[in-house]
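# Structural overview for review
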Amino acid sequence: MRLKLKTVFVLYFTVSLLGLIYALMQLGQRCDCTEHDAARDRTISRLRGELHSLREQMKKPEPTNPPKPALPPTIHVITPTYTRLVQKAELTRLSQTLLHVRQLHWILVEDSPHKTVLVSEFLVRSGLTYTHLHVPTPRESKLQEGDPSWLKPRGAEQRNEGLRWLRETAGGRQGAQLEEGVVYFADDDNTYSLQLFEEMRGTQMVSVWPVGLVGGMRYERPVVEQGRVVRFHTGWRPNRPFPLDMAGFAVSLRLVLANPDAHFDGDAPMGFLESSFLQGLVTMEELEPKADMCTKVLVWHTRTEKPKMKREDALQKQGLGSDPGVEV
Ligand code: UGA
Ligand code: MN
């Protein structure tokens, strides 16, 4: 701006000067001194040259600020969680992994009729960009003490609540305004490598990769031939529509918004929870294989042992239990 003003000023000054000289030539007395004429001609041609170069300079576009690099797509991680002794330990481990991932939004959904103090305070201190939601699993759908863990699907209502929030919040922004995003369902007890998040960031529809230590196997994975998923390596009912663990796929935000009815069926039979969401969204041929064509394990379906409270129970009976005011 400063340069431009200066340029205009110089231009104005030069044009005025030329005008003045021209006026003097018209009005001035004839001079028979050729030397004087020659000097005047040199001045005029020099000024003309300057005028020309100033004009050229003004034609050049103003230097603009370099365009800002576009932000990478946001990864929306939806995590169901529920109150139990190891909850804070699980959330600590997961949140400290997520802290290393740029452009990440954590949607933590409590399986609870209200937001708990433990989770609320935990999130405030987490340092993450988060949304805190809650929805209780209906009693009849919830595992009861002593039920085998596979009897009923877990976390279905909570993942659906996360999807509802995304559709309501991001759905308002359509077309070009809609930011690029990826949705990943991350249980609170698994182990995630940082590389996994960069693999899923480019998801166009649904991306897939292997999951370690799942389904009674070293790993389960989609089998890729010529860049396409052709079947699944799994030990149990390989003919399920999508024999994938929850940790083994991510979906683009656009696909989630374009399919407002896609959801997890809390009544799905064992092993069909993932299929209940994915069928209708993609076909096997459309899956995008990640992690070196599904040859690398970057996420593990680890499960935390339930801590035994035998001594705690015994001490409590004597009134000597651990201080309930100390959060664990
Ligand atoms: C396996 C899959 O990895 C899960 O994604 C799938 O939901 C589950 O099976 C199923 O079939 O329902 P698994 O280790 O057996 O996982 O399940 P959990 O880790 O016990 O639970 C999955 C998620 O749901 C966790 O984030 C957990 O915190 C949450 N959950 C569990 C609840 O919100 N409420 C519950 O009552 C239990
Ligand atoms: Mn688990």
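Quick note: structure is the one above.
Residues numbered from 1 in each chain as written. Chains lettered and ligands numbered in written order. Predicted model: local features only at pLDDT ≥ 70, side-chain atom pairs only at ≥ 80, totals over all residues. Heavy atoms only, no water.

### Describing the packing of helix H3 (residues 87–98) against helix H4 (residues 117–126)
The axes of two packed helices give the description: the angle between them and the distance between them. As a reminder, the rule being used: For every element, the axis is a line fit to its C-alpha atoms; helices are fit only across the contacting stretch, and the angle between N-to-C directions ranges from 0 to 180 degrees. To qualify as a helix, a DSSP run of H or I must reach at least 4 residues; to qualify as a strand, a run of E must reach at least 2; elements of each kind are numbered from the N terminus. We call two directions roughly parallel when the angle between them is under 35 degrees, roughly antiparallel when it is over 145, roughly perpendicular when it lies between 65 and 115, and oblique otherwise. By definition, turning the near helix anticlockwise from the far helix through less than a right angle yields a left-handed crossing, and turning it clockwise yields a right-handed one. Residues count as neighbours in contact if any of their non-hydrogen atoms are within 4.5 Å of one another. All residues other than Ala, Val, Leu, Ile, Met, Phe, Trp, Tyr, Cys, Pro, Asp, Glu, Lys and Arg, Gly among them, are scored as polar; the first ten of these are nonpolar and the last four charged.
Orientation of H3 relative to H4, taken along the N-to-C sense of each, is 20 degrees, at an axis distance of 11 Å. Judged by the angle between their axes, H3 and H4 are roughly parallel. Read as a crossing pair, H3 and H4 show a hand that is right-handed. Facing Gln87, Lys88, Leu91, Thr92 and Ser95 of H3, the residues of H4 in contact are Leu118, Val119 and Phe122. Looking at side-chain class alone, the contact of H3 with H4 contains 4 nonpolar, 3 polar and 1 charged residues.

### Quick word on helix H5 (residues 156–170)
For clarity, the cut-off: Any helix carries an expected span of 1.5 Å times its number of residues minus one. Classification of residues uses two cut-offs on accessible area relative to the type maximum, computed with a 1.4 Å probe and protein chains only: under 20% is buried, over 50% is exposed, and between them is partly exposed.
The end-to-end C-alpha distance of H5, which contains 15 residues, comes to 21 Å, matching closely the 21 Å that a straight helix rising 1.5 Å per residue would cover. Inspection of H5 places Ala156, Gln158, Arg159, Asn160, Glu161, Gly162, Leu163, Leu166, Arg167 and Ala170 among the buried residues, and these make up the whole buried set. Elements that come into contact with the buried residues of H5 comprise strand S1 (74–81), strand S2 (104–110), strand S3 (129–134), strand S4 (181–185), helix H7 (253–258) and helix H8 (273–278).

### A closer look at the coordination of the manganese ion (ligand 2)
This is how the line gets drawn: Donor criterion used throughout: N, O or S atom within 2.8 Å of the metal, extended to 3.2 Å for Na, K and Ca. Water excluded; incomplete-looking sites may result.
Around the manganese ion (ligand 2), the protein contributes the donor atoms Asp189 (OD) and Asp189 (OD), at 2.1 to 2.7 Å from the metal centre. As for its position among the elements, Asp189 is in the loop between S4 and strand S5 (191–192).

### Examining unusual backbone geometry
Notably, Gln103 is not glycine yet its phi reads approximately 45 degrees, a positive angle. Here Gln103 lies in the loop between H3 and S2. Even without being glycine, Cys294 reaches a positive phi, approximately 65 degrees. Mapped onto the fold, Cys294 is located in helix H9 (residues 291–294).

### Here's the deal with the sheet that holds strand S6 (residues 206–208)
Within a beta sheet, neighbouring strands are joined by backbone hydrogen bonds and run either parallel or antiparallel to one another. Applicable threshold: Note on pairing: DSSP must find at least two bridges between two strands before they are called paired.
Spatial strand order, S3-S2-S1-S4-S10-S6-S11: 7 strands in an open sheet with mixed pairing. Only two strands of the sheet have a single neighbouring strand rather than two, namely S3 and strand S11 (288–289). Summarising the sheet, S2 and S3 pair through 6 bridges and their orientation is parallel. When the bridges of S3 are listed, Val109 appears paired with Leu133. On the sheet, H4 packs against S2 and S3 and is oriented at approximately 170 degrees with respect to S3.

### Regarding the nonpolar core
Among soluble globular proteins, nonpolar side chains are generally buried collectively. In plain terms, the rule: The term nonpolar core refers to a set of buried residues drawn from Ala, Val, Leu, Ile, Met, Phe, Trp, Tyr and Cys, joined through side-chain atoms within 4.5 Å.
Judged by nonpolar contacts, the single largest core of 34 residues is most densely connected at Phe185, Phe249, Val251, Phe277 and Leu278. Going through the elements one at a time, S2, H5, S4, S6, strand S9 (228–233), strand S10 (249–252), H7 and H8 are the ones with two or more residues in this core. Aside from chain neighbours lying at most four places away, what touches Leu278 is Val206, Phe242, Leu244, Phe249 and Val251.

### Some details on the packing of aromatic side chains
Our working rule: Two rings from Phe, Tyr or Trp (for Trp, the six-membered ring) form a pair when their centres are within 6.5 Å of each other. A pair whose planes differ by under 30 degrees is stacked, one over 60 is edge-to-face, and the rest are tilted.
Summed over all chains, the structure comprises 9 aromatic pairs. Plain terms: the ring middles of Phe185 and Phe277 are 5.4 Å apart, the flat faces sit at 80 degrees to each other, and that makes the pair edge-to-face. Residue Phe185 is found in strand S4, and its partner Phe277 is found in helix H8; the two are separated by 92 residues along the sequence. Ring centres of Phe264 and Phe277 lie 4.6 Å apart, and the angle between their planes is 15 degrees; on these two criteria the pair is classed as stacked. Taken together, the residues span a long stretch of sequence, with Phe264 in the loop between H7 and H8 and Phe277 in helix H8 at a distance of 13 residues. By the burial criterion, Phe264 is buried, and Phe277 matches it. Clustering of aromatic rings is evident, with ring pairs tying together Tyr184, Tyr192, Phe197 and Trp209.

### Some thoughts on the site of ligand 1
Going by this rule: Proximity criterion: a residue is near a molecule or strand once any of its heavy atoms comes within 4 Å of it. A 3.5 Å cut-off defines polar contacts: any pair of N or O atoms within that distance qualifies, except that in protein one atom must be a possible hydrogen donor and the other a possible acceptor, and neighbouring residues in sequence count only when both atoms are side-chain atoms. Reported accessibility uses the Shrake-Rupley method at a 1.4 Å probe radius. Residues are deemed covered only where the shown protein chains occlude them.
In the vicinity of ligand 1 there are 19 residues, among which Pro80, Asp111, Arg154, Asp187 and Asp245 approach most closely. Here an oxygen atom of ligand 1 sits 2.7 Å away from a polar atom, N or O, in the main chain of Pro80. In the model, a nitrogen atom of ligand 1 is placed 2.8 Å from a nitrogen or oxygen of the Asp111 side chain. The fraction of the free accessible surface of ligand 1 (690 Å²) that becomes covered by protein chains is 89%. Only S1 and H5 provide two or more residues apiece to the shell around ligand 1. Looking at the shell around ligand 1 residue by residue, the classes come out as 5 nonpolar, 4 polar and 10 charged.

### A few points about the environment of Val135
For Val135, the position within the fold is in the loop between S3 and H5. The spacing of Val135 and Asp111 is 24 residues in sequence and 5.4 Å in space, taken between C-alpha atoms.

### Re a nonpolar patch on the surface
The line we're drawing: The patches reported here contain residues having more than 30% relative accessible area and no salt bridge. Joining distances are 9 Å for like charges and 5 Å for nonpolar side chains (Val, Leu, Ile, Met, Phe, Trp, Tyr). In the sections that follow, a salt bridge refers to a side-chain nitrogen of Lys or Arg positioned within 4 Å of a carboxyl oxygen of Asp or Glu.
On the surface, Trp150, Leu151, Trp236 and Met270 cluster together to form a nonpolar patch covering roughly 400 Å² of accessible area. Mapped onto the secondary structure, Trp236 falls in the loop between S9 and S10.

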